[in-house]
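Here is what each chain is made of, one letter per residue.
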Amino acid sequence: MIFLFVYQTNLTDDNRPLATLPAGLSIRPSGIPEAGYGVFAERSFPKGTRFGPYGGKITENIENWSYAFNVYDADDSVKYYVDAYYKNNSNWLRYVNCARTVHEENLYVLQFNDGVYYVAYECITKGTELLVWYGPDYGEDLGLKRKPEDYQERFHEQDIRYVIENTITGK
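On a predicted model such as this, the values are computed, not experimentally measured, just so you know.

A cis amide bond links Gly52 with the next residue in sequence, Pro53, at an omega value of 10°. Mapping Pro53 onto the fold places it in the loop between strand S4 (50–52) and strand S5 (57–59). Its identity is not glycine, yet Glu34 carries a phi of approximately 65°, on the positive side. With respect to the element layout, Glu34 can be found in the loop between strand S2 (25–29) and strand S3 (37–41).

Below, the structure written as structure tokens:
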């Protein structure tokens, strides 16, 4: 398994997300209408590549949920939040957009210890935008809804992302 860790520096300006971008990736306008910028592969990344950790301010209160992740304790309670709303507290992962369909999705979210990572669910080829499903609540805010059969249509079996998502949300 390949790990791509982001070197955390003490940058204090809006260029921090760009300064933390690993080699082989670029940030440019997303292929998703009205999504702003997205992250694109400039080379291939094999299935299982782990990107992260997601960078942001560690906090117990969230101002804006659009760039935040819950970090869970062993008892499934929220330990804290990682808030990447402000660029000077974040890294490049804030630019990975939400996949609209299971067919677009090529990453899934994984909490490993106290870090949030994105993992390549499949080989990501050069020129592909990195896209992840942020879960049913965020998807609903975007007007997106998924059903178990959506996953089975693509994968013909219970998909690990669906299992993880339901474990986290308790559904």
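After presenting the structure, the write-up continues.
Before going further, it helps to examine the sheet that holds strand S7 (residues 78–83). Across the sheet, which stays open at both edges, the 3 strands sit in the order S5-S7-S6 with antiparallel pairing between neighbours. Only two strands of the sheet have a single neighbouring strand rather than two, namely S5 and strand S6 (68–72). On average, each strand axis in the sheet is inclined to that of its neighbour by 30°, with strand direction left out of account.

Moving on, we come to the pattern of salt bridges. Throughout the structure, instances matching the rule amount to 3 salt bridges. We note a salt bridge from Glu42 to Arg28, for which the minimum N-O separation is 3.4 Å. Taken as a pair, Glu42 in the loop between S3 and S4 and Arg28 in strand S2 lie far apart in primary sequence, 14 residues in all. Note on Glu42: relative accessible area 34%, which makes it partly exposed.

Another aspect to go through is the nonpolar core. Counting residues in hydrophobic clusters, the biggest one holds 23 residues, and the most contacted among them are Phe51, Trp92, Val96, Leu107, Tyr118 and Leu130. Of all the elements in the fold, those that place two or more residues in this core are S2, S3, S6, S7 and strand S10 (115–120). Top contributing element to this core by residue count: S10, with 3 residues.

Before going further, it helps to spend a moment on the pairing of strand S9 (residues 107–112). The pairing of S9 with S10 spans 6 bridges and is classified as antiparallel. Bridge pairing links Leu110 to Tyr117 in S10. Taking the residues that link successive antiparallel strands as the turn, the S9-S10 hairpin has 2 residues, and the phi of Asn113 there is positive, at about 55°.

The next point concerns the side chain of Thr49. By the secondary structure assignment, Thr49 is in the loop between S3 and S4. The exposure class assigned to Thr49 is buried, which follows from its relative accessible area of 1%. From its side chain, Thr49 meets the backbone oxygen of Pro46 in a polar contact 2.7 Å long.

Next up on the list: the packing of aromatic side chains. Applying the stated criterion to the full structure yields 11 aromatic pairs. Here Tyr54 and Tyr118 contribute two aromatic rings whose centre-to-centre distance is 6.2 Å and whose plane-to-plane angle is 50°, an arrangement assigned as tilted. In this pair, Tyr54 sits in the loop between S4 and S5 while Tyr118 sits in strand S10, placing the two residues 64 residues apart along the sequence. Assessed through its relative accessible area of 8%, Tyr54 is described here as buried. With a relative accessible area of 1%, Tyr118 lands in the buried category. On the numbers, 5.0 Å between centres and 85° between planes, the contact of Tyr85 with Tyr86 is edge-to-face. Through a chain of ring-to-ring contacts, the aromatic side chains of Phe45, Phe51 and Trp92 assemble into a single cluster. Across from the ring centre of Phe112, 4.8 Å away, lies the NZ or CZ of Arg50, which sits over that ring.

On to the pairing of S3. Along a regular strand, successive side chains alternate from one face of the sheet to the other. Where burial is concerned, most of S3 is hidden: 4 out of the 5 residues are buried. As defined by bridge partners, S2 adjoins S3 across 5 bridges and the pair is classed as antiparallel. Within the sheet, the bridge partner assigned to Arg28 lies in S3 and is Gly38.

Cut-offs used in this document
- Residues numbered from 1 in each chain as written.
- Predicted model: local features only at pLDDT ≥ 70, side-chain atom pairs only at ≥ 80, totals over all residues.
- Heavy atoms only, no water.
- Helix = DSSP H or I, 4+ residues; strand = E, 2+ residues; numbered from the N terminus.
- Pairing = 2+ DSSP bridges.
- Axes fitted to C-alpha atoms, helices over the stretch in contact; angles between N-to-C directions.
- Salt bridge = Lys/Arg side-chain N within 4 Å of Asp/Glu carboxyl O.
- Buried < 20%, exposed > 50% of the residue type's maximum accessible area, 1.4 Å probe, protein only.
- Core = buried A, V, L, I, M, F, W, Y, C linked by side-chain atoms within 4.5 Å.
- Polar contact = N/O pair within 3.5 Å; in protein donor to acceptor, adjacent residues only side chain to side chain.
- Phe/Tyr/Trp six-rings, centres within 6.5 Å; stacked < 30°, edge-to-face > 60°.
- Lys NZ or Arg CZ within 6 Å of the ring centre and 35° of its normal.

As far as function goes, none of this settles anything; it's purely spatial.
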